[in-house]
Number of protein chains: 2
Amino acid sequence: MSRPLKIAVAGLGTVGVGTLKVLETHARSLERRSGRPIAVSAVSARERDKKRPVSTDGLAWYDDAAVMAAEADAEVVVELIGGPDGIAKQVCEAAIAAGRHVVTANKALIAEHGTALARAAEAAGVSLSYEAAVAGGIPIVKALREGLAANGLSRVYGILNGTCNYILTNMRESGRSFDDVLEEAQRLGYAEADPGFDVDGIDAAHKLAILAALAFGCEVDFAAVHVEGIRRVSPLDIRFADELGYRIKLLGIAALTNGELEQRVHPCMVPVQAPIASVEGVFNAVVADGDFVDTLMQEGRGAGEGPTASAVVADLVDIARGYATPTFAIPAAELRRLAPASMQRHWGAYYVRLIVVDRPGVFADIAAAMRDFDVSMESVLQHGRDPGETVSVVMTTHETEEAAMTGTIQAIESLDAVVEPPCLIRIESFAPPAARE
Amino acid sequence: MSRPLKIAVAGLGTVGVGTLKVLETHARSLERRSGRPIAVSAVSARERDKKRPVSTDGLAWYDDAAVMAAEADAEVVVELIGGPDGIAKQVCEAAIAAGRHVVTANKALIAEHGTALARAAEAAGVSLSYEAAVAGGIPIVKALREGLAANGLSRVYGILNGTCNYILTNMRESGRSFDDVLEEAQRLGYAEADPGFDVDGIDAAHKLAILAALAFGCEVDFAAVHVEGIRRVSPLDIRFADELGYRIKLLGIAALTNGELEQRVHPCMVPVQAPIASVEGVFNAVVADGDFVDTLMQEGRGAGEGPTASAVVADLVDIARGYATPTFAIPAAELRRLAPASMQRHWGAYYVRLIVVDRPGVFADIAAAMRDFDVSMESVLQHGRDPGETVSVVMTTHETEEAAMTGTIQAIESLDAVVEPPCLIRIESFAPPAARE
């Protein structure tokens with residue numbers, strides 16, 4: 001049998017432990033698939049003596065992961081520390097500088113420094129692999145880099161954060177508030193103690209920026225992603241969505257629009273018939289629209305020890321077989337720098353929920369504001385009627401430009417009878433790409 | 001730029017033309033991804049002078065595809081003729097014998113001769129690639145060979161025939177009969193003039209046998225697939241399914257059960273909440289259950305010029321990059337020969353629809369037949385009541401062994417009051433693999 005592929009693992013948290021478990025459980029099968037054994041030779045973690053469910057006996061131990069990346073007896077460094085900068089970045093840079101392949105699950109790192117790292121890896125003649133960084137167990141990086149290689153892609157979108165999808169699913173099923181469900185998710189381990197990274201959309205935005213670079217052959221541009229989280233989605237909105245035939249999902253959407261790169265993460269109203277509407281709970285899904293393949297959806301677990309480790313090890317098998325696909329599918333020097341599409345020029349339909357004092361003339365004022373900005377109403381719903389008290393009013397619009405909606409919302413917000421900032425949620429009909437041109 | 005990858009294309013039907021279109025449309029992008037141009041050097045088809053939407057000017061023309069496979073100036077032969085034997089098989093064998101890689105969309109060929117061809121390809125040091133043979137545009141072969149390489153798979157199943165799914169979807173939406181909807185599908189080009197290959201489940205069985213070999217590392221065993229088609233599904237069954245919370249889908253299901261290979265294609269009752277239940281129309285979907293990744297579903301177009309050509313060209317890009325994954329993920333010599341699981345030992349719940357004369361005592365006779373075979377009823381539905389006339393009665397059972405159901409059905413069928421052969425449809429709850437052990 002050929003010489004083993006030796007790997008050094010930086011970080012022995014959930015994913016690091018999972019990776020060691022996969023390598024041990026399926027050693028023989030992985031060797032068959034790879035044509036050679038995959039052997040961990042070195043590990044690094046914060047605490048050497050911590051009790052772990054996998055043994056590190058016989059492996060070289062490094063207190064400093066960057067030193068390990070530079071010096072360990074390994075062809076591949078697996079970076080599972082996390083974070084866009086600091087030690088994780090040092091580990092990857094040191095590994096590349098030392099001519100070692102890098103496998104990482106670090107979405108923040110790839111989203112913020114992906115282009116530079118891809119250039120460095122290419123110059124050094126090593127692979128930079130990150131299947132585990134996007135949508136966990138779903139092999140979407142491979143699908144975009146290889147499986148859909150024959151397509152020009154016009155759009156890629158998905159449910160990229162399991163915590164948000166769990167919260168939105170649970171809010172709908174239980175009728176409870178965001179805060180209530182978040183608190184429960186934290187108790188169950190589906191949400192972090194500091195949930196902002198997930199519920200404010202940052203994590204989804206990291207993944208979306210990576211998907212966009214892969215789909216469109218462009219430099220990763222995380223800073224240009226328009227990001228809104230789910231904190232403002234209320235049980236009222238979820239009820240109205242049901243009534244209107246929608247589900248509320250936090251989506252990341254990237255598209256090429258008139259040669260500009262559209263990247264946005266925000267809550268969306270999705271028709272219940274759309275396949276992505278029935279992706280529930282902690283599951284992730286990614287949809288790609290290509291000119292030959294039409295539409296492809298993948299659904300699976302986006303996080304967790306097993307699915308993430310599955311993705312890490314798939315990357316290792318490719319490296320063991322000698323496969324070296326460019327980081328973002330084409331040579332780094334050929335990645336385009338795309339101008340970001342302006343969110344104010346976004347074209348679409350909108351859902352607006354207002355809390356207003358129920359008195360004569362209010363609706364005339366709202367309608368006038370819409371007319372002034374040339375926004376055309378599609379439907380209006382109002383539940384209950386308590387003269388002098390507040391009621392919720394929901395409107396959906398026909399397609400219009402975001403700038404017009406922004407103006408409309410500002411005008412409506414300034415009305416005396418409107419007692420809370422309006423809640424605006426974009427409606428995504430998922431018309432086929434051809435129909436969008 | 002490096003030397004081009006020269007390819008010879010055998011067959012210029014829908015997929016052949018589509019492949020040439022993709023190669024022309026995305027020539028520059030494919031070159032970037034592959035590191036070298038992909039160039040068609042030779043073609044073969046039945047009629048040289050036929051009008052085609054792509055030009056074959058400047059390409060070497062062969063009347064005999066097998067001669068082309070052996071002699072053309074090409075590293076890869078793309079076989080798009082179809083059929084399990086005859087010229088298609090000769091083309092692939094000639095190509096392999098001449099040391100050329102083979103890319104094929106031919107599910108019948110791989111299902112019936114996959115193991116032998118894999119051995120031959122491996123001995124010759126060439127690739128045998130067939131992404132287009134299973135589920136068209138869905139890159140499921142790549143997902144099973146590479147993306148899920150880190151997993152032990154326990155089950156793979158899916159909607160593998162778009163014609164059947166189109167017919168079943170349409171029957172449900174329109175309430176019309178199988179024959180009616182088939183006739184319409186034929187008019188619209190979704191079904192062949194001779195529909196048996198699709199509606200009798202053969203096509204799905206070809207694909208399932210390939211998926212099973214990939215998923216479980218075993219020899220392809222098409223002959224062992226239990227196959228039933230959808231001709232006997234009636235509008236009544238579809239209505240009852242709705243009422244019971246199910247959708248009827250033609251599924252292909254392959255699983256490892258006590259070390260035996262279970263492979264079956266037949267109509268199934270699937271809970272409406274199951275993600276696969278909402279895969280409608282001509283779409284295909286494949287679900288894989290792995291020990292680390294948990295469950296992964298892919299949904300997309302399973303046929304047609306664009307999606308199939310997309311898969312063919314993805315295989316070409318891999319070959320251009322020098323990737324050579326073993327045909328069924330592991331070396332051909334290591335493919336296991338698995339004993340087929342007996343269908344009579346299948347364990348599951350059942351839906352049975354009877355047409356009976358509505359008179360006293362009938363139901364007691366039916367219940368006695370079930371008791372005699374130890375089959376326990378879960379629910380009974382009867383619509384209408386016309387003493388002395390025929391009515392339809394539907395029962396669902398708790399889980400039981402297929403042999404017991406076979407006995408029960410024979411006993412019921414022999415009753416005077418039962419006026420038509422009972423219709424039996426297996427219920428698939430898709431319990432997580434862990435719960436099935």
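The rules we used
- Note on numbering: residues in each chain are counted from 1, in written sequence order.
- Chains carry letters and ligands carry numbers; both start at the beginning, A for chains and 1 for ligands, and go up in the order they are written.
- Given that the model is predicted, a residue must reach a pLDDT of at least 70 before its local features are reported, and side-chain atom pairs must reach 80 or more before they are shown or counted; all residues, however, enter totals for whole chains, interfaces and linings.
- In this text, helices come from DSSP runs of H or I with a minimum length of four residues, and strands from runs of E with a minimum of two, each type numbered from the N-terminal end.
- Radius of gyration here is computed from C-alpha atoms only, and the compact-globule reference equals 2.2 Å multiplied by the residue count raised to the power 0.38.
- Whether a residue is buried, exposed or partly exposed is read from the other C-beta atoms within 10 Å of its own C-beta, which are placed from the backbone; 20 or more gives buried, 12 or fewer gives exposed, and intermediate counts give partly exposed.
- Whether two residues are in contact depends on their C-beta atoms, placed from the backbone: they are in contact if these lie within 7 Å.
- Pairing between strands requires that DSSP locate at least two bridges from one strand to the other.
- Least squares is the method used to superpose the copies, on C-alpha atoms of residues holding a pLDDT of at least 70 in both.
- All axes here are fitted lines through C-alpha atoms, helices being fitted over the stretch that makes contact, and every angle between N-to-C directions spans 0 to 180 degrees.
- For classification purposes, angles smaller than 35 degrees are called roughly parallel, those larger than 145 roughly antiparallel, those between 65 and 115 roughly perpendicular, and all remaining angles oblique.
- Crossing chirality is assigned from the near helix's rotation relative to the far helix, an anticlockwise turn below a right angle marking it left-handed and a clockwise turn marking it right-handed.
- Under the grouping applied here, Gly and all other residues not named as nonpolar or charged are polar, the nonpolar ones being Ala, Val, Leu, Ile, Met, Phe, Trp, Tyr, Cys and Pro and the charged ones Asp, Glu, Lys and Arg.
- A residue's pLDDT is the predictor's confidence in that residue, given on a scale from 0 to 100.
- Each helix should span, by expectation, one fewer than its residue count multiplied by 1.5 Å.
- Domain delimitation follows an automatic or database domain assignment.

Caption draft 1: Structural detail: the overall build of chain A. Within chain A, the secondary structure is distributed over 15 helices and 17 strands. Relative to the compact-globule value of 22 Å for 437 residues, chain A shows a C-alpha radius of gyration of 24 Å, a close match. For chain A, the spread of C-alpha atoms along the three principal axes comes to 80 × 45 × 35 Å. Taken across its 437 residues, chain A has 55% of its residues classed as buried. Across chain A, contacts joining residues at least 24 apart in sequence account for 76% of those joining residues at least 6 apart.

Caption draft 2: Structural detail: the environment of Asp237(A). All names here are of chain A. In this fold, Asp-237 is placed in helix α11 (residues 235–244). Residues Asp-237 and Val-394, spaced 157 residues apart in sequence, show a C-alpha to C-alpha distance of 8.7 Å. Beyond its immediate sequence surroundings of up to four residues, Asp-237 is in contact with Ile-248, Arg-353, Cys-423 and Ile-425.

Caption draft 3: Quick peek at the interface of chain B and chain A. Taken together, the contact between chain B and chain A spans 43 residues of the former and 43 residues of the latter. Going through the elements one at a time, α2 (27–34), α6 (140–147), β12 (294–301) and α12 (305–320) of chain B are the ones with two or more residues in the side of chain B that touches chain A.

Caption draft 4: Representation of the pairing of strand β10 (residues 260–271) of chain A. Residues and elements named next belong to chain A. With 10 of 12 residues buried, β10 is to be regarded as a mostly interior element. Bridge analysis of strand β8 (residues 226–227) against β10 gives two bridges, and the strand direction is parallel. Within β10, the residue paired with His-226 across the bridge is Arg-264. Where strand β9 (residues 246–257) meets β10, 12 bridges bridge the pair, whose relative direction is antiparallel. By the bridge assignment, Tyr-246 is partnered in β10 with Pro-271. Between β9 and β10, which pair antiparallel and follow one another directly, the connecting turn spans two residues, one of which, Asn-258, has a positive phi of 50 degrees. One ladder, built from two bridges, connects β10 with strand β17 (residues 423–427); its direction is parallel. Within β17, the position partnered with Cys-268 by the bridge is Arg-426.

Caption draft 5: A look at the pairing of β17(A). Relative to β17(A), strand β13 (residues 347–357) of chain A is paired through five bridges, and the arrangement is antiparallel. Its bridge partner being in β17(A), Ala349(A) is matched across the sheet by Ile427(A).

Caption draft 6: Layout of the relation of the copies chain B and chain A. The operation relating chain B to chain A is a screw motion whose rotation component is 180 degrees, with 0.0 Å of axial translation and a residual RMSD of 0.0 Å. Read as a symmetry element, the transformation amounts to a two-fold axis. Every residue of chain B has its C-alpha some distance from the rotation axis, and the shortest such distance is that of Gln298(B), at 2.2 Å. Interface overlap between copies is the fraction of interface residues in one copy that are interface residues in the other; for chain B against chain A it reaches 98%, indicating a shared surface.

Caption draft 7: Representation of the sheet that holds strand β5 (residues 101–104) of chain B in the model. Residues and elements named next belong to chain B. Spatially, β3-β2-β1-β4-β5-β6 is the arrangement adopted by the six strands of the open sheet, whose pairing is parallel. Edge positions in the sheet fall to β3 (60–62) and β6 (128–129), since each of these pairs with one other strand and no more. For strand β1 (residues 5–10) and strand β2 (residues 38–44), the ladder comprises six bridges, and the chain directions are parallel. Pairing of Ala-8 across the sheet is with Ala-42, part of β2. Relative to β2, helix α1 (residues 14–25) is tilted by about 155 degrees, and along the sheet it contacts β1, β2 and β4 (76–79).

Caption draft 8: Spotlight on the sheet that holds strand β2 (residues 38–44) of chain A. Residues and elements named next belong to chain A. One open sheet holds the six strands; their spatial order is β3-β2-β1-β4-β5-β6, and the pairing between them is parallel. With partners counted over all chains shown, the strands left at the sheet margins are β3 (60–62) and β6 (128–129), one partner each. Bridge analysis of strand β4 (residues 76–79) against strand β5 (residues 101–104) gives four bridges, and the strand direction is parallel. Its bridge partner being in β5, Glu-79 is matched across the sheet by Thr-104.

Caption draft 9: Looking closely at the packing of helix α7 (residues 162–174) of chain A against helix α8 (residues 178–188) of chain A. All names here are of chain A. Where α7 contacts α8, the axes come no closer than 9 Å and their chain directions differ by 125 degrees. The angle between α7 and α8 falls in the class oblique. Note that α7 runs across α8; the crossing there is right-handed. Residues Thr-163, Tyr-166, Ile-167, Asn-170, Met-171 and Ser-174 of α7 form the contact with α8, whose own contacting residues are Phe-178, Val-181, Leu-182 and Ala-185. Tallied by class, residues from the contact of α7 with α8 come to seven nonpolar, three polar and no charged.

Caption draft 10: Examining the packing of helix α1 (residues 14–25) of chain A against helix α12 (residues 305–320) of chain A more closely. Residue and element names in this part refer to chain A. Taken N-terminus to C-terminus, the directions of α1 and α12 make an angle of 65 degrees; their axes are 8 Å apart at the nearest point. Between α1 and α12 the crossing geometry is right-handed. Across the interface between the two elements, Thr-14, Val-15, Val-17, Gly-18, Thr-19, Lys-21, Val-22 and Leu-23 of α1 pack against Glu-305, Gly-306, Thr-308, Ala-309, Ser-310, Val-312 and Val-313 of α12. Across the contact of α1 with α12, the residue classes break down as seven nonpolar, six polar and two charged.

Caption draft 11: Spotlight on the confidence of the model for chain A. Residues and elements named next belong to chain A. Predicted confidence across chain A gives a mean pLDDT of 95, with 98% of residues reaching 70 or more. Overall, residues 433–437 carries pLDDT values under 50, and its contacts beyond four positions in sequence, including any with other chains, amount to four contacts. Here the predicted complex carries an ipTM of 0.95, next to a pTM of 0.96.

Caption draft 12: Main features of unusual backbone geometry. Residues and elements named next belong to chain B. Although it is not a glycine, Asn-258 sits at a positive phi angle of roughly 50 degrees. Assignment of secondary structure puts Asn-258 in the loop between β9 (246–257) and β10 (260–271). With 9 C-beta atoms counted inside 10 Å, the residue Asn-258 sits in the exposed group. Positive phi is not limited to glycine here, since Asp-374 has a value of about 65 degrees. Structurally, Asp-374 can be placed in the loop between α13 (362–372) and β14 (377–382). Judged by local crowding, Asp-374 falls into the exposed class, with 11 C-beta atoms found within 10 Å.

Caption draft 13: Structural detail: helix α4 (residues 86–97) of chain B. Residues and elements named next belong to chain B. Helix length check: α4 (12 residues) gives 16 Å between terminal C-alpha atoms against 16 Å at 1.5 Å per residue, within 8%. Taken residue by residue, α4 has Ala-88, Lys-89, Val-91, Cys-92, Ala-94, Ala-95 and Ile-96 as its buried positions. Remark: Gly-99 follows α4 within two positions and exhibits a positive phi of approximately 75 degrees.

Caption draft 14: Main features of the domain arrangement of chain A. Its domain assignment divides chain A into domain 1 (5–133), domain 2 (140–301) and domain 3 (344–430). Each of domain 1 of chain A and domain 3 of chain A has a C-alpha centre, and the two are 51 Å apart.

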